[in-house]
Amino acid sequence: MKVILKADVKGQGKKGELVEVSEGYGRNFLLPRGLATLATADNINTMKQADAAKARRIELEKQAARDTAEKLTTLQVLVRAKAGQGGRLFGAITAKEISDSLKEQHALDIDKHKIVLAEPIKAFGSYAIKAKLYPEITGDINVKVIEA
């Protein structure tokens, strides 16, 4: 019996896969629990359309990430901070502050979790910071820390 899995089933496959299972397992376990549907022509076409839509959505997300990465290379983000003697900052510049400054100055909304700080920023100056926009797509943010 061929079924399309609605959820991950251990030992059978992942959600959305078309798998061959025994008649009893399919009728007595998978179908009653809503873990699978019969592989009819309509259900197979629906599955193919869903896969195509998912592929299109992923491609659009990748393209948006590439466009954002290109924009980031031309921008410079100014972050204002207070400092004490010798130019040392009170505290450190966080990813949230960089994200908020990007949104405020350039209308780019990048989640603070996507900004990767290798080490805390604790002094004035210019820094190149990575932003993981999508798996395998990163952008460089030019951050300049100035006195408030």
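Please refer to the structure placed before this passage.
Rules of the game
Residues numbered from 1 in each chain as written. Predicted model: local features only at pLDDT ≥ 70, side-chain atom pairs only at ≥ 80, totals over all residues. Heavy atoms only, no water. Salt bridge = Lys/Arg side-chain N within 4 Å of Asp/Glu carboxyl O. Helix = DSSP H or I, 4+ residues; strand = E, 2+ residues; numbered from the N terminus. Buried < 20%, exposed > 50% of the residue type's maximum accessible area, 1.4 Å probe, protein only. Pairing = 2+ DSSP bridges. Axes fitted to C-alpha atoms, helices over the stretch in contact; angles between N-to-C directions. Contact = heavy atoms within 4.5 Å. Expected span 1.5 Å × (residues − 1).

Topic: the pattern of salt bridges
- All chains considered together, the criterion is met by six salt bridges.
- Across the salt bridge formed by Lys96 and Asp100, the nearest N and O atoms sit 3.2 Å from each other. With a gap of four residues between them, Lys96 and Asp100 both fall in helix H3 (residues 95-106), about one helical turn apart.
- Residue Lys96 is classed as partly exposed on the basis of its relative accessible area, which comes to 44%.
- Residue Lys103 pairs with Asp109 through a salt bridge whose shortest N-O separation is 3.4 Å.
- With a relative accessible area of 46%, Lys103 lands in the partly exposed category.

Some details on the sheet that holds strand E2 (residues 18-20)
- Pairing in this open sheet of three strands is antiparallel, and the strands run E2-E1-E3 from one edge to the other. Of all strands in the sheet, those with a lone pairing partner are E2 and strand E3 (36-38), marking the two edges. Between one strand and the next, the sheet's axes are offset by a mean angle of 40°, whatever the strand orientation.
- By the bridge criterion, three bridges tie strand E1 (residues 2-5) to E2 in an arrangement that is antiparallel. Of the residues in E2, the one forming a bridge with Val3 is Val19.
- The strands touched by helix H2 (residues 41-74) within the sheet are E1, E2 and E3, with E1 carrying the most contacts at an inclination of about 35°.

Description of H3
- The end-to-end C-alpha distance of H3 is 16 Å, a good match for the 16 Å that twelve residues give at a rise of 1.5 Å each.
- After H3 finishes, the residue Ala107 shows a positive phi value of roughly 55°.

Examining the environment of Lys71
- Mapped onto the elements of the fold, Lys71 is located in helix H2.
- Judged by its relative accessible area of 47%, Lys71 falls in the partly exposed class.
- In the structure, Lys71 is positioned 59 residues away from Lys130 in sequence and 13 Å away in space, judged by C-alpha atoms.

Topic: the pairing of strand E8 (residues 125-134)
- As paired strands, strand E6 (residues 115-116) and E8 are joined by two bridges and run antiparallel to one another. By the bridge assignment for E8, Val116 is matched with Lys130.
- One ladder, built from nine bridges, connects E8 with strand E9 (residues 137-147); its direction is antiparallel. Within the sheet, the bridge partner assigned to Ala131 lies in E9 and is Gly139.
- In this antiparallel pair of consecutive strands, E8 and E9, the connection spans two residues, and Glu136 shows a positive phi of 75°.

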